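One letter stands for each residue in the lines below.
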Amino acid sequence: MADFDTSVLDMARLPQHVAIIMDGNGRWAQRRSMSRVEGHKRGKDSVRAIVEATRKLGIPYLSLFAFSTENWQRPRREVNALMSLLRRYLRTEIERMMHNEVRVLAIGDVSKLPPSVRDELDSAIERTRDNQRLTVGLCVSYGGREDIVNAARALGAEVEAGRLRPQDIDEAAVSRSLGTASMPDPDLLIRTSGEMRISNFYLWQLAYTEIYVTDALWPDFREAQYVEALAHYQQRDRRFGRVAEEAPRSAAQ
Ligand code: IPE
Ligand code: IPE
Ligand code: MG
């Protein structure tokens, strides 16, 4: 059971997969005349809080956009700090993840990560592989376009090897060739810090995802803000291109 106020939520209608663009760490720090890295450190506390809250709510899938393919172009010092925070996060959280039955997946080009980070990530993935309460997809060195390019290459290789015919490439074939193959598409995308863009996050996967943007900066995004996002989601009318069912007219009308 959750130890925060969920009274506004219908627990039977929670999303199955929440994806989050964790943005605004730098601005959080700048507003306090701190270095951007301080903002990332505080952002790590939000990651812990939101992972735990997701597990307590019983939502089975969470995707966290932690580092994009474009983020490699940031100043070396900031990239190094982010990498070392990721390594420390994995090291300090692993026991809690085991206790909470959280499984970790890496989504993105992990071959670009420094070896020490990759080792920590590999060991977290390996140790948590049988945990079934919550799957957390950590998107690191992830780009939505790169994901689609890799899927196209993988399908092309299957065609070349004679295992797949081009006419058999369908939406399901593309989906299972993406980094998110083992997860359903997100029901809800949350972006913090007010930016109204996708920034090369899941491009294929967000086709019918409900989008919620909050002005809260990521280090300020905790349980209360999460519940607010979920409550907004529950007010949405998800039509998937169809029309809403009309209520049957009563004979008296
Ligand atoms: C999000 O915060 C973290 C990463 C992208 C790694 P930012 O670092 O983008 O913070 P802002 O957007 O500059 O405030
Ligand atoms: C998106 O945030 C990437 C992550 C949160 C990891 P950015 O801060 O990199 O995106 P832009 O530059 O505002 O589009
Ligand atoms: Mg940003």
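Caption draft 1: Main features of the site of ligand 2. Around ligand 2 sit Ile-21, Met-22, Asp-23, Phe-65, Ala-66, Phe-67, Asn-71, Arg-74, Arg-191, Arg-197 and Ser-199, and those are all the residues in its vicinity. In this structure, an oxygen atom belonging to ligand 2 sits 3.2 Å away from a side-chain N or O atom of Asp-23. Within the side chain of Ser-199, a nitrogen or oxygen atom sits 2.6 Å from an oxygen atom of ligand 2. Contact with the protein chains removes 78% of the 390 Å² of surface that ligand 2 exposes when unbound. Its atoms largely coinciding with the cavity grid, ligand 2 occupies the largest pocket. When residues of the shell around ligand 2 are assigned to their parent elements, the largest contribution, three residues, is made by strand E2 (residues 61-68). Its residues placed into classes, the shell around ligand 2 shows five nonpolar, two polar and four charged.

Caption draft 2: Quick look at the layout of surface pockets. Here the largest pocket is characterised by a volume of approximately 650 Å³. Together, 31 residues line the largest pocket, and Met-22, Asn-25, Phe-65, Ala-66 and Leu-82 are the ones closest to its centre. Looking at the lining of the largest pocket, the elements that each hand over two or more residues are helix H1 (25-30), helix H2 (36-57), E2, helix H3 (76-99) and strand E4 (134-142). Among the residues forming the lining of the largest pocket, the class breakdown is 14 nonpolar, eight polar and nine charged. The volume enclosed by the second largest pocket comes to roughly 180 Å³. Along the lines of polarity and charge, the residues of the lining of the second largest pocket split into five nonpolar, three polar and four charged.

Caption draft 3: Inspection of the packing of aromatic side chains at higher detail. Across all of its chains, the model carries nine aromatic pairs by this definition. Summarising the aromatic geometry, the rings of Phe-67 and Trp-72 are spaced 4.8 Å apart at their centres and angled 70° between planes, so their arrangement reads as edge-to-face. A residue is classified by how much of its surface remains accessible, and Phe-67, at 3% relative accessible area, is buried. Relative to Phe-240, the ring of Tyr-208 lies with its centre 5.4 Å away and its plane at 50°, an arrangement referred to as tilted. Here Tyr-208 is found in the loop between strand E5 (188-191) and strand E6 (210-213), whereas its partner Phe-240 is found in the segment after helix H7 (223-234), with 32 residues between them in sequence. According to the relative accessible area criterion, Tyr-208 is partly exposed, its value standing at 46%. Accessibility expressed as a relative area gives 37% for Phe-240, which makes it partly exposed. Here a set of aromatic residues connected by ring pairs shows up, and it is made of Phe-65, Tyr-142, Phe-201 and Tyr-202.

Definitions and cut-offs
Residues numbered from 1 in each chain as written. Chains lettered and ligands numbered in written order. Predicted model: local features only at pLDDT ≥ 70, side-chain atom pairs only at ≥ 80, totals over all residues. Heavy atoms only, no water. Near = heavy atom within 4 Å. Polar contact = N/O pair within 3.5 Å; in protein donor to acceptor, adjacent residues only side chain to side chain. Areas by Shrake-Rupley, 256 points an atom, 1.4 Å probe, with all protein chains shown as cover. 1 Å grid on protein atoms, 1.4 Å probe; cavity = no way out; pocket = protein on both sides within 12 Å on 5 of 7 lines; lining within 4 Å. Sits in = over half its atoms within 2 Å of the grid points. Helix = DSSP H or I, 4+ residues; strand = E, 2+ residues; numbered from the N terminus. Nonpolar A, V, L, I, M, F, W, Y, C, P; charged D, E, K, R; others polar. Points joined across faces, edges and corners; volume = space filled by probe spheres on them. Phe/Tyr/Trp six-rings, centres within 6.5 Å; stacked < 30°, edge-to-face > 60°. Buried < 20%, exposed > 50% of the residue type's maximum accessible area, 1.4 Å probe, protein only.

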